[in-house]
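Chains, contacts and geometry: an overview
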Amino acid sequence: QVQLVESGGGLVQAGGSLRLSCAASERTLNNYVMGWFRQAPGKERELVAAINWSGDSTYYADSVKGRFTLSRDNAENTIYLQMNSLKPEDTAVYYCAADLPIILKNWNNPRYWGQGTQVTVSS
């Protein structure tokens, strides 16, 4: 069973930055896609960003393009989501996820989930 442990959430003012990290328990997640979903109160869960195993393919939701950057370190089984120019509408619980290879933009039902980390952006 793969365990995903997130860190880095918190409270930040609009325009600020946060960096989320997600470490996987497995020593290797060969070929696994990893990424971040988020869910705000009263809203549906949405895919924020995803990255393939090699890191040469990424997906970003239109709402975060140009502001968020997803990267991965396979040696450390860790992914990082750098979030800049944060807006109040980015406030949500952010969930790390992992799955077998999938078309990134169609990813909506991950095999593995983290416990979630709260991101709150004040105006």
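Residues numbered from 1 in each chain as written. Predicted model: local features only at pLDDT ≥ 70, side-chain atom pairs only at ≥ 80, totals over all residues. Heavy atoms only, no water.

We now examine the pairing of strand E3 (residues 18–24). Burial analysis of E3 places five of its seven residues in the buried class, which makes it a mostly covered element. Relative to E3, strand E1 (residues 4–7) is paired through four bridges, and the arrangement is antiparallel. In the sheet register, valine 5 faces E3, and the bridge partner there is alanine 23. In terms of strand pairing, E3 meets strand E8 (residues 78–83) through six bridges, oriented antiparallel. Counterpart to leucine 20 in the pairing with E8 is leucine 81. (Buried < 20%, exposed > 50% of the residue type's maximum accessible area, 1.4 Å probe, protein only. Helix = DSSP H or I, 4+ residues; strand = E, 2+ residues; numbered from the N terminus. Pairing = 2+ DSSP bridges.)

Attention now moves to the state of the cysteines. Counted by the stated rule, this structure contains one disulfide. Disulfide partner of cysteine 22: cysteine 96, at an S-S distance of 2.0 Å. Taking the sign of the S-S torsion, about -80° here, the bridge from cysteine 22 to cysteine 96 comes out left-handed. With cysteine 22 in strand E3 and cysteine 96 in strand E9 (residues 92–99), this pair connects stretches of sequence that are 74 residues apart. Residue cysteine 22 is classed as buried on the basis of its relative accessible area, which comes to 0%. (Disulfide = S-S within 2.5 Å.)

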